[in-house]
Amino acid sequence: MVQLNNVFNNNNMKCIASGGQYYIYEHESDLSVDQWSASNAFFLKEMNVRKRQLLVQLNNSSCKMQAGAMQWLTGDIKVSSGVKGVGNFLGKMVKGAITGESAVKPEYSGNGFVMLEPTYRHLLIEDVGSWGSGMVLDDGLFLCCDHTIQESITKRSNISSAVLGGEGLFNLCLSGQGYAVLESPVPREELFEFVLQDDTVKIDGNFAIAWSSSLQFTVETVTGNAIGSAATGEGFVNVYRGTGKILLAPTQNTPMTSSVNGPETTTTSSQGLAGSVVSSLLNA
């Protein structure tokens, strides 16, 4: 028997969100400071730069998470690699390489608690079923999900949309019934949510961090022609059409910082390399 103290009754750790078997805890202050780091810790707290941890409470259930994300676990919990043979492992390697996620996602099942490593990123708990046919993620956002969630790779309809859109040619898509936890560059309070019903949203930049797989993604000029777009100074925009949802991070205009929980990722301009070249020619 394990008695767990100074976690649920810790005044410096606040549960700020929950969903399914997941609980997000935020460290109110960084207490591990000295005279040299105290001032830095103070201003980090004032700007909402705080350590956050995800607690998973398994109750005859399972979850999949990024490799190396676990900090501690207790209870009757079994851990497996989730790899089913050499072919399956190679497939996961390829999938991880093109989506920015860990190649192998360990599976934790049973009864007990699993605490993940602290991160300065913001954690989002998403009901995957509410996204309809599935939710597509920007690279490197996945942290963990229920074992009932299926993972697949979505491919852009054409290479030009990937090059000009800055979102990459492949993305991870989650589908099914259950919850997933994402690492976001901004807090939920700053995220814009678009709910489309046979409509269109145009975004100047790769600020969308998640969108419904039912949406059609293209890259177009904002006015419909190159000359007009060059005159407006907007250039290419990412266009989402159809019925579904989009989560947009309006202030994500710098490379995302590395995370303790997941691999380091960076973002690029919506125009990409080819888009920049085209814009330069049009504006010359």
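Criteria and cut-off values
Residues numbered from 1 in each chain as written. Predicted model: local features only at pLDDT ≥ 70, side-chain atom pairs only at ≥ 80, totals over all residues. Heavy atoms only, no water. Core = buried A, V, L, I, M, F, W, Y, C linked by side-chain atoms within 4.5 Å. Buried < 20%, exposed > 50% of the residue type's maximum accessible area, 1.4 Å probe, protein only. Helix = DSSP H or I, 4+ residues; strand = E, 2+ residues; numbered from the N terminus. Contact = heavy atoms within 4.5 Å. pLDDT = per-residue confidence, 0-100. Polar contact = N/O pair within 3.5 Å; in protein donor to acceptor, adjacent residues only side chain to side chain. Phe/Tyr/Trp six-rings, centres within 6.5 Å; stacked < 30°, edge-to-face > 60°. Patch = residues over 30% accessible without salt bridge, like charges linked within 9 Å, V, L, I, M, F, W, Y side chains within 5 Å. Areas by Shrake-Rupley, 256 points an atom, 1.4 Å probe, with all protein chains shown as cover. Salt bridge = Lys/Arg side-chain N within 4 Å of Asp/Glu carboxyl O.

Draft legend 1. The arrangement of the nonpolar core in detail. Counting residues in each nonpolar core, the largest one holds 19 residues, and the members touching the most others are Met135, Leu137, Leu174, Leu191, Ile209 and Ala210. Of all elements in the fold, only β7 (135-137), β8 (142-146), β10 (170-175), β11 (179-184) and β13 (208-212) reach the threshold of two or more residues within this core. If near-sequence neighbours (up to four positions away) are discounted, Leu174 is found in contact with Val128, Gly134, Met135, Leu137, Phe142, Ile149, Gln150, Glu151 and Ala180. Within the second largest apolar cluster, 17 residues are counted, among which are Cys63, Met65, Ile125 and Leu143.

Draft legend 2. Seen up close, the confidence of the model for the protein chain. The predicted model of the protein chain averages 81 in pLDDT, with 71% of residues at 70 or higher. Across residues 253-258 the pLDDT falls below 50, and counting only partners more than four positions away or on other chains, this stretch makes 12 contacts in the model. Long-range and interchain partners of residues 262-284, a stretch whose pLDDT sits below 50, account for 47 contacts in this model, where long-range means more than four residues apart.

Draft legend 3. Representation of the side chain of Gln53 in the model. Residue position: Gln53 is located in strand β3 (residues 52-65). At 2.9 Å, the side chain of Gln53 and the backbone oxygen of Leu116 are in polar contact.

Draft legend 4. Just the packing of aromatic side chains, in detail. For the structure on display, the rule yields 5 aromatic pairs. With 5.2 Å between their ring centres and 80 degrees between their planes, Phe42 and Phe43 make a pair best called edge-to-face. With a centroid separation of 5.0 Å and 55 degrees between ring planes, the pair formed by Phe217 and Tyr240 is classed as tilted. Of this pair, Phe217 sits in strand β14 (residues 216-221) while Tyr240 sits in strand β15 (residues 236-248); the two residues are 23 residues apart in sequence, bridging distant segments of the chain. A network of ring pairs unites the aromatic residues Trp211, Phe217 and Tyr240 as a single cluster.

Draft legend 5. Main features of a nonpolar patch on the surface. Together, Met47, Val49 and Tyr120 give the surface a local cluster of nonpolar side chains, amounting to about 310 Å² of exposed area. Following the sequence through the fold, Met47 ends up in the loop between α1 (38-46) and β3.

Draft legend 6. Looking closely at the side chain of Arg52. With respect to the element layout, Arg52 can be found in strand β3. Engagement of the side chain of Arg52 in a polar contact is seen with the backbone oxygen of Tyr120, the distance being 3.1 Å. For Arg52, the side chain forms a polar contact with the side chain of His122, separated by 3.5 Å.

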